[in-house]
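Observations on the three-dimensional arrangement
Each chain, written out:
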Amino acid sequence: MHFTRSDFPDDFVFGAATAAYQIEGHKFGGAGSTHWDTFAATPGNVVRAEDGALACDHYHRYEADLDLLQEAGMDGYRFSTSWARVMPEGRGPVNVEGLDYYDRLVDAMLARGLKPFQTLYHWEMPSALADLGGWTNRDVADWFADFTEVITRRIGDRVHSVATINEPWCVSFLSHFLGHHAPGQRDIRATARAMHHVLLGHAAAMERLRGLGQKNLGIVLNFDRALPADDTPAAAAAANVQDAIFNRWFIEAITKGSYPAEVLAGLGPHMPAGWQDDLARIHQPLDWLGVNYYTRGLYLPDPTIPWPSIKPVPGPLPKTQMGWEIFPDGLHHFLTRMARDYVGDLPIYVTENGMAWPDVIENGAVYDPDRIAFVAAHMQATRQAIADGANVKGFFYWSLLDNYEWALGYEKRFGIVHVDFETLKRTPKASYHALKTALAR
Ligand code: IFM
């Protein structure tokens, strides 16, 4: 690793991130069915039809997993609390076992000196609410706020920060327009509603938690650098539309109270009635912003298809196991752009950054030099962004563990700790050891 802790401000938080459904083992502890359970059970949606029923069995092994974070010298742990674990039907009865589990988990972090960075929605829509339309139903905002109150009343006194939603673009566009994630819809009307209601849910949760006196509230947005595939004005226009859908819709609504015209050009006719009246609620202050960044995309116009009439084309840069180009400049771009155009001096955290690689165990160890180089390059981009004025307060590697990579099952390995999905044995990779050395005090 070509950095050390001393290259960053004293209060900079180094951590790793995970999410409930991807690691916990959803079949344990009385959790209710989610739309990911049924999506995975439907042929053709998920590689090998794998689901999160067992995952990494973090539910039972969390103490040892938190030991790994502590032993690496990490300062924080970004985790999520599953809605369906806390409220199996999404509304009404609370699963005491689920609340007890998160209570123990947070205490175990604090006992190890790890700051708990909680995320409230990392994609486990309870099936009972999916039956009612999930994010396409306006009432979801209040159902979500009710859940956030229940979990916050139990652990809110001990968490360091709270994010409402993880990656609203994935929750809405990827899942309702592209159909790649649960609920697997491909419908522009459902997309318009989900893109609006996910922000309404964010707003309702912010209001509810602020009302309870909860501090340090934010949201985690994902950003992909969108660039033209050639130097024609048409390609520049295509990249601009992609940028508006992916990178501007959510942050502009939250920080400016408006939606980009390029996106309303397509979604406008399908928006729910009265959406304009919600923007004042959505446009409320954050205490911090989370930036998830992985890659870039190159775009060309495609007049043969309806809006957005653009298509991605493969780029020439080295790629990860996901097929994503490695482009650290994009992280610098978004950190400085967020500060300059949207959030000013507000604390920004890199809440996810990392790479998948087909890691294998050889002689009891995992040698992953590409990941070490990836992290070093993105740390350098972060340092440069700080030098250029962005108030970046932390960096969380995605992910602590190899885990359930959603529609791609368990094949894509993002962890700095290898997980054998037969035995569930954890093996820290070379990248884990390199980070540990870099973070040593
Ligand atoms: O695994 C996901 C995570 O759940 C959300 N952000 C991107 C990661 C890698 O695809």
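Residues numbered from 1 in each chain as written. Predicted model: local features only at pLDDT ≥ 70, side-chain atom pairs only at ≥ 80, totals over all residues. Heavy atoms only, no water.

1. Quick word on the nonpolar core
Under the convention used in this document: Nonpolar cores were defined as sets of buried Ala, Val, Leu, Ile, Met, Phe, Trp, Tyr and Cys residues, with membership established by side-chain atoms within 4.5 Å. Summary of the burial criterion: residues with accessible area below 20% of their type's maximum are buried, those above 50% are exposed, and those between are partly exposed, where the area comes from a 1.4 Å probe applied to protein chains only. Numbering of helices and strands starts at the N terminus; helices are DSSP runs of H or I of at least 4 residues and strands are runs of E of at least 2.
Grouped together as the largest cluster of nonpolar side chains are 129 residues, with contacts concentrated most on Trp36, Trp83, Trp135 and Met338. Top element by residues in this core is helix H10 (residues 233-256). It accounts for 10 residues. Counting 14 residues, the second largest nonpolar core, distinct from the first, contains Val13, Ala17, Tyr349 and Phe414.

2. What about helix H8 (residues 168-176)?
Because each turn of an α-helix spans 3.6 residues, side chains separated by three or four positions in sequence point in the same direction. Worth spelling out the cut-off: In this analysis, two residues are considered to be in contact whenever any of their non-hydrogen atoms come within 4.5 Å of each other.
With nine of nine residues buried, H8 lies mostly within the body of the structure. Among the residues making up H8, those that are buried are Pro168, Trp169, Cys170, Val171, Ser172, Phe173, Leu174, Ser175 and His176. Those residues of H8 that are buried are in contact with strand S3 (115-121), strand S4 (161-166), helix H9 (188-211), strand S5 (217-228) and H10.

3. Let's talk about the site of the ligand
Selection rule: Nearness is judged by heavy atoms alone; a residue qualifies as near a molecule or strand once a single heavy atom is within 4 Å of it. By the criterion applied in these results, polar contacts are pairs of N or O atoms within 3.5 Å in which, for protein atoms, one can donate a hydrogen and the other can accept it, and in which residues neighboring in sequence qualify only through two side-chain atoms. Computed with a 1.4 Å probe, the accessible areas rest on the Shrake-Rupley method; for each residue, only the protein chains presented here act as cover. Side-chain classes are defined by residue name, with Ala, Val, Leu, Ile, Met, Phe, Trp, Tyr, Cys and Pro counting as nonpolar, Asp, Glu, Lys and Arg as charged, and the others, Gly among them, as polar.
Around the ligand lies a shell formed by Gln22, His122, Trp123, Asn166, Glu167, Tyr294, Trp324, Glu352, Trp398, Glu405, Trp406 and Phe414. The side chain of Gln22 places a nitrogen or oxygen atom 2.7 Å from an oxygen atom of the ligand. Within the side chain of Trp398, a nitrogen or oxygen atom sits 3.3 Å from an oxygen atom of the ligand. For the ligand, the protein covers 96% of the area, taking 280 Å² as the surface of the free molecule. Of the residues belonging to the shell around the ligand, the class tally is six nonpolar, three polar and three charged.

4. As for the side chain of His197
Structurally, His197 is set in helix H9. His197 gets classed as buried once you look at its relative accessible area, which sits at 2%. Within polar-contact distance, the side chain of His197 engages the backbone oxygen of Trp135 at 3.0 Å. At 3.3 Å, the side chain of His197 forms a polar contact with the backbone oxygen of Thr136. Ignoring anything within four residues of it in the chain, the contact list for His197 reads Trp135, Thr136, Asn137, Arg138, Val140 and Pro272.

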